[in-house]
Amino acid sequence: MPKESLLISKEIDLATLAPDVVRKAVEASEPYKLFFAFEAYLRDMVVEVLSKQGQLTNWYEKVPKDVQDEIAKLEATEEMKSWMSLGSRDKSALMTLPQLLRVIDQNWKEGFDDLIRDKGLIQEARLLVHLRNTICHMSTIPVEELERIKQTMRDWFRVVAP
């Protein structure tokens, strides 16, 4: 049985009912938390950098058209699912890791060049997209791939947020 409980009510602990599944969930939680933090950091960075340019335009107007179209589709889906208690989410909250990296790449000269300084970091982060999707689609990854995630994030934060 896993060390950690996974309660679905006060009385029902999935760790006793499905110990192998809960063990995998616990294993997947670390890379999930890393991606959660990394994507949230990138979202904040994108909005901040694109909002600082002293222009009268909204940051979202600088997002590539194909990404805007994808976000519009997600907004429509969220509107249909309004019965869920998600509340209204900002457009940046709907952007995926590949979309965030595309926005940074497309707007490199808008201030990301000074902040990130090396476009190689964008490519390094793109290599994580498959691992991110694997974790977010409820599968585990090998320890060596977790180390790849950590190394990439160390590289980013060493440069961007020293």
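Rules behind the numbers
Residues numbered from 1 in each chain as written. Predicted model: local features only at pLDDT ≥ 70, side-chain atom pairs only at ≥ 80, totals over all residues. Heavy atoms only, no water. Patch = residues over 30% accessible without salt bridge, like charges linked within 9 Å, V, L, I, M, F, W, Y side chains within 5 Å. Areas by Shrake-Rupley, 256 points an atom, 1.4 Å probe, with all protein chains shown as cover. Salt bridge = Lys/Arg side-chain N within 4 Å of Asp/Glu carboxyl O. Helix = DSSP H or I, 4+ residues; strand = E, 2+ residues; numbered from the N terminus. Buried < 20%, exposed > 50% of the residue type's maximum accessible area, 1.4 Å probe, protein only. Contact = heavy atoms within 4.5 Å. Expected span 1.5 Å × (residues − 1). Bend = angle between axes of the 7 residues up to and from the residue. Core = buried A, V, L, I, M, F, W, Y, C linked by side-chain atoms within 4.5 Å.

**A closer look at a nonpolar patch on the surface**
On the surface, Ile 8, Ile 12 and Leu 17 cluster together into a nonpolar patch covering about 300 Å² of accessible area. Relative to the helices and strands, Ile 8 resides in the segment before α1 (14-17).

**As for helix α4 (residues 97-106)**
Those residues of α4 lying buried are Leu 97, Gln 99, Leu 100, Leu 101, Val 103 and Ile 104. In this structure, the buried side of α4 is in contact with α2 (19-51), α3 (65-80), α5 (112-116), α6 (120-126), α7 (129-136) and α8 (143-160).

**Some remarks on α2**
An ideal rise of 1.5 Å per residue puts 48 Å on 33 residues; α2 measures up with 47 Å between its terminal C-alpha atoms. Along α2, the largest kink reaches about 35° and is centred on Ser 29; proline Pro 31 follows within four residues of it. Buried residues along α2 sit in contact with α1, α4, α5, α6, α7 and α8.

**What about the nonpolar core?**
With 36 residues, the main nonpolar core has Leu 42, Met 45, Val 46, Ile 104, Phe 112, Ile 116 and Trp 156 as its most contacted residues. Sorting the residues of this core by element identifies α2, α3, α4, α5, α6, α7 and α8 as the ones contributing at least two each. Setting aside anything within four residues of it in sequence, one finds Met 45 in contact with Phe 112, Leu 115, Ile 116, Trp 156 and Val 160.

**Considering the pattern of salt bridges**
This model, assessed by the stated rule, comprises 14 salt bridges. Salt-bridge contacts for Lys 65 lead to Asp 69; the nearest nitrogen and oxygen are separated by 2.6 Å. Of the two residues, Lys 65 and Asp 69 both sit in helix α3, four residues apart, roughly one turn of that helix. Residue Asp 66 pairs with Arg 102 through a salt bridge whose shortest N-O separation is 2.7 Å. Taken together, the residues span a long stretch of sequence, with Asp 66 in helix α3 and Arg 102 in helix α4 at a distance of 36 residues. Look at Asp 66 and you get partly exposed, because its relative accessible area is 33%. Taking the relative accessible area as the measure of exposure, Arg 102 reaches 28% and is therefore partly exposed.

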